[in-house]
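Here is what each chain is made of, one letter per residue.
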Amino acid sequence: MDRMPIMAKRIGIIGSGAVGQTLANGFIKHGYEVMIGTNSPGKRDGLSAKTHGKAKIGSFEETARFGEIVVIATKGSAAESALKSAGIANLSGKTVIDTMNPIADAPPVHGVLKFFTSLDDSLMERLQKLAPDVKFVKAFSCIGNALMVNPTKEAKPTMFICGNDAGAKKEVSAILDQFGHDVADMGGVEAARAIEPLCMLWCIPGFLSNSWTHAFRLMK
Ligand SMILES: NC(=O)c1ccc[n+]([C@@H]2O[C@H](COP(=O)([O-])OP(=O)(O)OC[C@H]3O[C@@H](n4cnc5c(N)ncnc54)[C@H](OP(=O)(O)O)[C@@H]3O)[C@@H](O)[C@H]2O)c1
C-alpha cells in the first residue's frame, strides 16, 4: 500500500486504560500533540503523571473535538456509550482508530475469552452503524499494549487493519509504519469479524502460561 505523509498532528485518545496511556506516550514520542480523554475526574492527575505532563487531559467530548485523528480505546462493552458521550458530531468525517475488542464480562474458558458479538457481527460494525460518517479503522486490537509502540522483536509484527475508507486506512498505515508494524489490510468493516477474535487467540498463551510478549506475523 502507498504511504501518505501524515498531515494530522493533533491526536485525541478516548480511553484512559493501558492502551490509551501507551498510545498517548507513543504519539508524544513521535512528535504529535495529544489529548487523552477520561470521564472519571479522579483519574486526571494520574493520567497527567503517566504521560509525564506532556498530554492534555480532557473529557471524552473535549478529546473528540481536539483530535484531528481520534483513537477510541475504552472497554468494549462501553464503546457505544463512550462514542455517544464523545459526541458523534465531533467525530464526523474524522479518522477514528478503533483498538477495542468485544470482550464479555464472563470469565475465559480454558484461556479462551468470551465475546458479546457473534461471528456474523463485530464491535466495529456496530460503531459504524451508529456513526456512519465516521471513518473507523480497526488497528492495535490484535497485540498487547506493551508491543504497540516500536516493539523490539526480531521481525516486525503484522497489524491487521480494516475499514471502509481507503484514505483513512492510508493515514493509519503511515502511523503504524512509524510505530514499527507491518500493515495487513483485510478490507472493509466486516473484516473486523475476523480481526477482533485474534485477541482471543493472542490472549490464550497469557491465560494458560502467563506469556504475553508474542505478536502475530503474516508470512507472504
Ligand atoms: N490492554 C491491552 O493490552 C489491549 C490490547 C489490545 C486491545 N485492547 C482493547 O483496547 C480497549 C482498551 O483496553 P484497556 O485495557 O486500555 O482499558 P479498559 O480497562 O478496557 O478500558 C478503560 C476505559 O474504558 C472506559 N470505561 C470503562 N467502563 C466504562 C463505562 N461503563 N462507560 C464508559 N466508559 C467506560 C474508562 O473510562 P474512564 O476513563 O472514564 O474511567 C476508560 O477510559 C479494550 O476494548 C481492549 O479490549 C486492549
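Data block above holds the structure.
This write-up is about the structure you can find in this document.

Conventions used here
- Residues numbered from 1 in each chain as written.
- Predicted model: local features only at pLDDT ≥ 70, side-chain atom pairs only at ≥ 80, totals over all residues.
- Heavy atoms only, no water.
- Pairing = 2+ DSSP bridges.
- Helix = DSSP H or I, 4+ residues; strand = E, 2+ residues; numbered from the N terminus.
- Axes fitted to C-alpha atoms, helices over the stretch in contact; angles between N-to-C directions.
- Contact = heavy atoms within 4.5 Å.
- 1 Å grid on protein atoms, 1.4 Å probe; cavity = no way out; pocket = protein on both sides within 12 Å on 5 of 7 lines; lining within 4 Å.
- Points joined across faces, edges and corners; volume = space filled by probe spheres on them.
- Nonpolar A, V, L, I, M, F, W, Y, C, P; charged D, E, K, R; others polar.
- Buried < 20%, exposed > 50% of the residue type's maximum accessible area, 1.4 Å probe, protein only.
- Near = heavy atom within 4 Å.
- Polar contact = N/O pair within 3.5 Å; in protein donor to acceptor, adjacent residues only side chain to side chain.
- Areas by Shrake-Rupley, 256 points an atom, 1.4 Å probe, with all protein chains shown as cover.
- Sits in = over half its atoms within 2 Å of the grid points.
- Phe/Tyr/Trp six-rings, centres within 6.5 Å; stacked < 30°, edge-to-face > 60°.
- Lys NZ or Arg CZ within 6 Å of the ring centre and 35° of its normal.

## Thoughts on the sheet that holds strand E2 (residues 33-37)
Here comes step 1: Taken in spatial order, the six strands line up as E3-E2-E1-E4-E5-E6 in an open sheet, and their pairing is parallel. The open sheet has two free edges, formed respectively by strand E3 (56-58) and strand E6 (135-138), since each of these has just one partner strand. On average, each strand axis in the sheet is tilted by 25° relative to the strand beside it, whichever way the strands run.
Here comes step 2: Packed onto the sheet, helix H1 (residues 18-29) meets strand E1 (10-14), E2 and strand E4 (69-72) and runs at close to 170° relative to E2.
Here comes step 3: Packing of helix H7 (residues 166-178) onto the sheet brings it into contact with E4, strand E5 (95-98) and E6, and relative to E5 it is tilted by some 55°.

## Description of the layout of surface pockets
Here comes step 1: Within this model, the largest pocket holds a volume of roughly 690 Å³.
Here comes step 2: Considering the residues around the largest pocket, the lining is formed by 32 residues, among which Val-19, Thr-74, Lys-75, Thr-99 and Ile-103 are closest to the centre.
Here comes step 3: The greatest single-element share of the lining of the largest pocket, amounting to three residues, is contributed by helix H9 (residues 198-209).
Here comes step 4: A class-by-class count of the residues in the lining of the largest pocket yields 16 nonpolar, 14 polar and two charged.

## Side note on the side chain of Thr-51
Here comes step 1: Within the secondary structure, Thr-51 is located in the loop between helix H2 (44-50) and E3.
Here comes step 2: You can call Thr-51 buried: its relative accessible area is 0%.
Here comes step 3: Those residues in contact with Thr-51, other than ones at most four positions away along the chain, are Ala-24, Asn-25, Ile-28 and Ile-57.

## Structural notes on the site of the ligand
Here comes step 1: In the vicinity of the ligand, 26 residues are found, and the nearest of them are Ser-16, Thr-38, Ser-40, Lys-43 and Thr-74.
Here comes step 2: Side-chain polar atom of Ser-40 to an oxygen atom of the ligand: 2.8 Å apart, as the coordinates give it.
Here comes step 3: The backbone of Thr-74 places a nitrogen or oxygen atom 2.8 Å from an oxygen atom of the ligand.
Here comes step 4: For the ligand, the protein covers 71% of the area, taking 890 Å² as the surface of the free molecule.
Here comes step 5: When each cavity is represented as a set of grid points, the ligand is found to reside in the largest pocket.
Here comes step 6: Looking at the shell around the ligand residue by residue, the class counts come to 10 nonpolar, 14 polar and two charged.

## Description of unusual backbone geometry
Here comes step 1: The backbone phi angle of Phe-140 is positive, close to 70°, even though this residue is not glycine.
Here comes step 2: By the element assignment, Phe-140 lies in the loop between E6 and strand E7 (158-161).
Here comes step 3: Residue class for Phe-140 comes out buried when judged on its relative accessible area of 1%.
Here comes step 4: In this structure, Asn-210 takes a positive phi of about 50° despite not being glycine.
Here comes step 5: The exposure class of Asn-210 is exposed, given its relative accessible area of 61%.

## Observations concerning the packing of aromatic side chains
Here comes step 1: A full pass over the atoms with the stated rule returns five aromatic pairs.
Here comes step 2: Relative to Phe-179, the ring of Phe-27 lies with its centre 4.9 Å away and its plane at 55°, an arrangement referred to as tilted. On the criterion of sequence distance, the pair formed by Phe-27 in helix H1 and Phe-179 in the loop between H7 and strand E8 (182-185) is long-range, its members being 152 residues apart. Per residue, the accessibility class of Phe-27 equals that of Phe-179, and both read buried.
Here comes step 3: Geometrically, the ring pair formed by Phe-140 and Phe-179 is tilted, given 6.0 Å between the ring centres and 55° between the ring planes. In this pair, Phe-140 sits in the loop between E6 and E7 while Phe-179 sits in the loop between H7 and E8, placing the two residues 39 residues apart along the sequence.
Here comes step 4: Of the aromatic side chains, those joined through ring pairs into one cluster are Phe-27, Tyr-32, Phe-140 and Phe-179.
Here comes step 5: The side chain of Lys-9 reaches across the aromatic face of Tyr-32, ending 4.7 Å from its centre.
Here comes step 6: A cation sits over an aromatic face here: Arg-10 above Phe-66, 5.5 Å from the ring centre.

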